[in-house]
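Residue-level structure breakdown
Each chain is listed here by its residues.
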2 protein chains.
Amino acid sequence: MALTGKALIAQGGGPTAVINQTLVGVIQEARKHACITKIYGAVKGVEGIVNEDFLDLTQETTHNLEEVALCPSSALRSTRVKPDEEFCKQIFKVCSVHDIRYFFYIGGNDSADTVRIVNEEAEKANYEMVCIHIPKTIDNDLRQNDHTPGFGSAARFVVQAFKGINLDVNSLPGIYIGVVMGRDAGFLTASAGLAREFEDDGPHLIYVPERPFSREQFVEDVREVYNKYGKCIIAVSEGIRTESGELFLASLKKDLEKDPHGNVSLSGSSALGEALVAELKNANIANRVRCDTFGYLQRSFFECVSDVDRNEAREVGERAVQFAVWTEKDGSVSIKRTGNYSVDFVLSELKDVARVSRSMPENFINEAGNDITDDFRLYCRPLLGSGVRSTARLRAPRVPKLLNTEK
Amino acid sequence: MALTGKALIAQGGGPTAVINQTLVGVIQEARKHACITKIYGAVKGVEGIVNEDFLDLTQETTHNLEEVALCPSSALRSTRVKPDEEFCKQIFKVCSVHDIRYFFYIGGNDSADTVRIVNEEAEKANYEMVCIHIPKTIDNDLRQNDHTPGFGSAARFVVQAFKGINLDVNSLPGIYIGVVMGRDAGFLTASAGLAREFEDDGPHLIYVPERPFSREQFVEDVREVYNKYGKCIIAVSEGIRTESGELFLASLKKDLEKDPHGNVSLSGSSALGEALVAELKNANIANRVRCDTFGYLQRSFFECVSDVDRNEAREVGERAVQFAVWTEKDGSVSIKRTGNYSVDFVLSELKDVARVSRSMPENFINEAGNDITDDFRLYCRPLLGSGVRSTARLRAPRVPKLLNTEK
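Reading guide: rules and limits
Residues numbered from 1 in each chain as written. Chains lettered and ligands numbered in written order. Predicted model: local features only at pLDDT ≥ 70, side-chain atom pairs only at ≥ 80, totals over all residues. Heavy atoms only, no water. Contact = heavy atoms within 4.5 Å. Buried area = accessible area lost by both parts, 1.4 Å probe. Salt bridge = Lys/Arg side-chain N within 4 Å of Asp/Glu carboxyl O. Polar contact = N/O pair within 3.5 Å; in protein donor to acceptor, adjacent residues only side chain to side chain. Helix = DSSP H or I, 4+ residues; strand = E, 2+ residues; numbered from the N terminus. Nonpolar A, V, L, I, M, F, W, Y, C, P; charged D, E, K, R; others polar. Least-squares fit on C-alpha atoms with pLDDT ≥ 70 in both. Axes fitted to C-alpha atoms, helices over the stretch in contact; angles between N-to-C directions. Left-handed = near helix turned anticlockwise from the far one by under 90°. Buried < 20%, exposed > 50% of the residue type's maximum accessible area, 1.4 Å probe, protein only. Phe/Tyr/Trp six-rings, centres within 6.5 Å; stacked < 30°, edge-to-face > 60°. Lys NZ or Arg CZ within 6 Å of the ring centre and 35° of its normal. Core = buried A, V, L, I, M, F, W, Y, C linked by side-chain atoms within 4.5 Å. Domains from an automatic or database assignment. Expected span 1.5 Å × (residues − 1). Pairing = 2+ DSSP bridges. Right-handed = clockwise from strand over helix to strand, strands pointing away.

As a further point, take the interface of chain B and chain A. At the interface, 94 residues of chain B touch 95 residues of chain A. Between chain B and chain A, the buried area comes to about 8200 Å², and carbon and sulfur atoms account for 56% of it. Applying the counting criterion to the chain B and chain A interface returns 10 salt bridges. A salt bridge links Asp-168 of chain A to Arg-299 of chain B, with the shortest nitrogen-to-oxygen separation between them at 2.8 Å. For the pair chain B and chain A, the interface holds 40 residue pairs in polar contact (both at pLDDT 80 or more). Elements with a contribution of two residues or more to the side of chain B that touches chain A: strand S3 (54-56), helix H3 (62-69), helix H4 (85-97), helix H6 (151-171), helix H10 (271-282), strand S9 (289-293) and helix H11 (297-300) of chain B. Ranked by residue count, the leading element in the side of chain B that touches chain A is H6 of chain B, at 11 residues. Of the residues in the side of chain B that touches chain A, the class split is 40 nonpolar, 28 polar and 26 charged.

Set out below in structure tokens:
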């Protein structure tokens, strides 16, 4: 007989454009199983669980859920709190009091660790509860996953942004730096490379945390490109590192915020971009040097979603319920690539996803450490989804000069 | 008999998302008139004219032109050069040598002045040439126009961005500042107000150049909102001014770039945002204070265009040719609002558009100078175009607590 009781869902960590597809996938699929008696949503992730801040999602309409599914950012709100063992004990206590038998937590690798510990508590107490972690992150750095929900849409935003920048810089040439999210993994920054169409399109240079960043080499790289094309467009990760592995941003010795995980706060600060602009202005390569730090726009923009990402985000949510009800195994839902391009969904061990992360494979970055490879292009293109237009240029021939005057 | 000869088109100033609709409108409509023997496009605006850098657009395919029309940023490239009288004499000289009889220049009020002077030169020389200025600017600050092509799409981008930010900040609350383009006029920043849907949605505060900006009042405004909602989202123009009329950014005494028009370079610098973040952090209102300077993304993003804006941008281009050929009058194409919502296109005097600009009308800004009014909402909404979705929130009821524990 199926394990009968309530389901509890929560969302953790930073928002993505498709995180509510996953939430709604869990809810809609759970409502089809009689063994799941009610569906609770915790407001503000694990904080909400210990405070018993629950919404009874069984009383939400199907239609409104589908409207919410189309919105970016965690509808159940979120938290950056990282639970320690004591906190997880409290989470388990609340679950047992409310007869929660199915626990679904949507988040990154920190969230997977929370699920792992809560699951251990339940086992210690001999309390039957199926605990499933469901992947989510724009950084694309969860292990066991070919890619993660949230990444494709953020990558699409970055690509569309750089396509527009290519045209903008063509009309008024100069040097342009786009600072893209990416603390440890450069996948999102690397995706900018897919904005290139014409031979002289940017970004001409791409710098990711996986390769050491050197000021001097950076300036030389830019000078070389600018001399060749009369313009230079650069994509750089927030998390680029010096040779010693220190955050380049930290090496600038600025007063930096930290979040509860001890991570230096990278987003919402333009310090990195400003520092790189200063380097290039000092190098006297071009008059016009500009920088945009994409910030929050790349994870929440309301009109830029990859349909591939949206579909997979929905599927991992529904899949989580199917795994939970039919196998009663604990684990983390993972996306595997089975063809180019097709995927399948499996349940991985929580310990193989929790706390660990991954970086870009070697073959995705060129030898010089300043560009992507065709391997990465092949990997990334399907994730951007359909409907990404090409840019066009005028091809009309030149008119012969009559005056031969130059100004 | 119709004035027979070649047409010359150029684009000036900053890019917009729909500027090529106008360009292509001129070309396609011009090709229908036998009196226009060839259509030249000057590369890099007025610079290209004096250098005779012309493309023969008569030899461009119709299809490729339509593809280019869909791309943001000046396909003929652009310039920030401001021609003086001598420069304009040279422009006229080149035109006369090439038998240019129809001159179309797409740009802002600086461009309108160029057209005005070139037209005077032609008249002095008794050379028959019809000179038409065609409006373009994301700042929406041309006189004689209800609104200008480029504004609606940029406003749409700003609205979509703030809708996403609303959801992002709901999921992880704090204070968020979005710095929006707007040197002298606050229309684009004000458009952010149309992102509000729910009563507690942001932006809660909007600061435009038309009203003096005070640090102290700003901090108090933010404190009041944050105390009420537990979050605060702010939209602020790059060009906000102090009581004395000086750029707030300049009052920070930073080392500032200037462009050839003598304008302090505002875009591509996050100095303003960083300064405002520092003010708020010092005021100790909230832990989480973030800022994004939207920068170039708001004028070139490749997947966010208002269909109303696109249609009007196309129309002013085609209209310019119709006016030129059938009336042979010089002037500036202007958009007039005739209903809510409908428009008509007229030809204004060049002198009424050249060099002058306009600000937001008083009734668009509230008395406190930190928000928009319903008059502005009515004005702006049609310009955003169709397909702007609403956000949705969960409405499920709360579950009664069983433990009554707080953490």
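What follows covers the relation of the copies chain B and chain A. You can overlay chain B on chain A at an RMSD of 0.0 Å; the transform is a turn of 180° with a shift of 0.0 Å along its axis. Considering both components of the superposition, the chain copies are consistent with a two-fold axis. Residue Ser-270 of chain B, judged by its C-alpha, is the member of chain B lying nearest the rotation axis, at 3.2 Å. Looking at the interface residues of chain B, 100% of them are also at the interface in chain A, so both copies use one shared face.

Residue and element names in this part refer to chain A. Where helix H8 (residues 215-229) meets helix H10 (residues 271-282), the closest approach of the two axes is 10 Å, and the angle between their N-to-C directions is 65°. Crossing angle aside, the handedness with which H8 passes H10 is right-handed. Residue-level contacts link Arg-215, Phe-218, Val-219 and Val-222 of H8 to Leu-276, Glu-279 and Leu-280 of H10. For the contact of H8 with H10, the per-class residue count stands at five nonpolar, no polar and two charged.

The omega torsion across Gly-202 of chain A and Pro-203 of chain A is 0°, close enough to zero to call that bond cis. Mapped onto the secondary structure, Pro-203 of chain A falls in the loop between helix H7 (187-191) and strand S7 (205-207). Here the phi dihedral of Arg-77 of chain A falls at roughly 60°; this positive angle occurs in a residue that is not glycine. Relative to the helices and strands, Arg-77 of chain A resides in the loop between helix H3 (62-69) and helix H4 (85-97). Residue Arg-77 of chain A is classed as partly exposed on the basis of its relative accessible area, which comes to 30%. The backbone phi angle of Arg-355 of chain B is positive, close to 65°, even though this residue is not glycine. Note on placement: Arg-355 of chain B falls in the loop between strand S11 (342-348) and helix H13 (374-380). Judged by relative accessible area, which is 56%, Arg-355 of chain B ranks as exposed.

How two aromatic rings sit relative to each other is set out by the distance from centre to centre and by the angle between their planes. Taken as a whole, this structure holds 35 aromatic pairs over all chains when the rule is applied. Seen in terms of ring centroids, Phe-157 of chain A and Phe-301 of chain A are 5.4 Å apart; in terms of plane orientation they differ by 55°. Their pairing is tilted. Residue Phe-157 of chain A is located in helix H6 (residues 151-171), and its partner Phe-301 of chain A is located in the loop between helix H11 (297-300) and helix H12 (307-327); the two are separated by 144 residues in the primary sequence. We classify Phe-157 of chain A as buried; its relative accessible area is 1%. Overall, the relative accessible area of 2% leaves Phe-301 of chain A in the buried class. Here the aromatic rings of Tyr-176 of chain A and Tyr-296 of chain B are separated by 5.7 Å at their centres, their planes lie at 25°, and the arrangement is stacked. Here Tyr-176 of chain A, found in strand S6 (residues 175-180), pairs with Tyr-296 of chain B, found in the loop between S9 and H11, and the two come from separate chains. The buried category is assigned to Tyr-176 of chain A, whose relative accessible area is 1%. Aromatic ring contacts, followed pair by pair, group Phe-157, Phe-162, Phe-294 and Phe-301 of chain A together with Phe-157, Phe-162, Phe-294 and Phe-301 of chain B into a single cluster. In this structure, Arg-101 of chain A is placed above the aromatic ring of Tyr-127 of chain A, and the distance from its NZ or CZ to the ring centre is 4.0 Å. Over the ring of Tyr-296 of chain A we find Arg-299 of chain A, and its NZ or CZ is 4.1 Å from the ring centre.

With 80 residues, the main nonpolar core has Phe-376 of chain A together with Phe-376 of chain B as its most contacted residues. In contact with Phe-376 of chain A, not counting residues within four places along its chain, are Phe-187, Ala-190, Ser-191, Leu-194, Met-360 and Phe-364 of chain A.

With that out of the way, let us pick up the domain arrangement of chain A. Residue and element names in this part refer to chain A. Per the domain assignment, the segments of chain A are domain 1 (5-138 + 304-352) and domain 2 (154-298 + 360-384). Once you take the C-alpha centre of each, domain 1 and domain 2 turn out to be 33 Å apart. At the junction of the two partners, domain 1 supplies 12 residues and domain 2 supplies 14 residues. For the domain 1 and domain 2 pair, buried surface summed over both sides reaches about 1200 Å², with 60% attributable to carbon and sulfur atoms. Sorting the residues of domain 1 by area buried against domain 2 places Ile-138, Cys-304 and Arg-337 first, and these three jointly supply 42% of that buried surface. Between the two partners, domain 1 and domain 2, sit zero salt bridges. There are three residue pairs in polar contact (both at pLDDT 80 or more) connecting domain 1 and domain 2.

Take the pattern of salt bridges next. For side chains of opposite charge, pairing can occur when their charged atoms come near one another. In the structure shown here, the tally under the stated rule is 55 salt bridges over all chains. Among the salt bridges present, the one from Arg-211 of chain B reaches Glu-362 of chain B, with a minimum N-O distance of 3.3 Å. Placement of the pair is Arg-211 of chain B in the loop between strand S7 (205-207) and helix H8 (215-229) and Glu-362 of chain B in the loop between S11 and H13, with a sequence separation of 151 residues. Overall, Arg-211 of chain B belongs to the buried group, its relative accessible area being 15%. Residue classification places Glu-362 of chain B among the exposed positions, given a relative accessible area of 60%. One connected set of salt bridges, linked through shared partners, spans Lys-82, Asp-113, Arg-116, Glu-120 and Arg-355 of chain A.

Here the focus is the side chain of Ser-306 of chain B. Residues and elements named next belong to chain B. When you line up the elements, Ser-306 lands in the loop between H11 and helix H12 (307-327). Polar side-chain contacts of Ser-306 include one of 3.3 Å to the backbone nitrogen of Val-308. Not counting the four nearest positions on each side in its chain, Ser-306 is found in contact with Gly-152, Ser-153, Arg-156, Leu-383, Leu-384 and Gly-385.

Turning next to H4 of chain B. A rise of 1.5 Å per residue sets the reference length of H4 of chain B, with its 13 residues, at 18 Å; its end C-alpha atoms lie 19 Å apart and thus fit the reference within 8%. Once H4 of chain B finishes, Asp-99 of chain B follows within two positions and takes phi at roughly 60°, a positive value.

In this section: the pairing of strand S4 (residues 100-107) of chain B. Residue and element names in this part refer to chain B. Counting buried residues along S4, eight of its eight residues qualify, which places the element largely inside the surrounding structure. Summarising the sheet, strand S1 (residues 5-11) and S4 pair through six bridges and their orientation is parallel. Following the sheet pairing, Ala-7 is matched in S4 by Tyr-102. For S4 and strand S5 (residues 130-135), the ladder comprises six bridges, and the chain directions are parallel. Bridged to Phe-103 within S5 is Cys-131. Running through helix H5 (residues 109-124), the crossover from S4 to the neighbouring parallel element S5 is right-handed.

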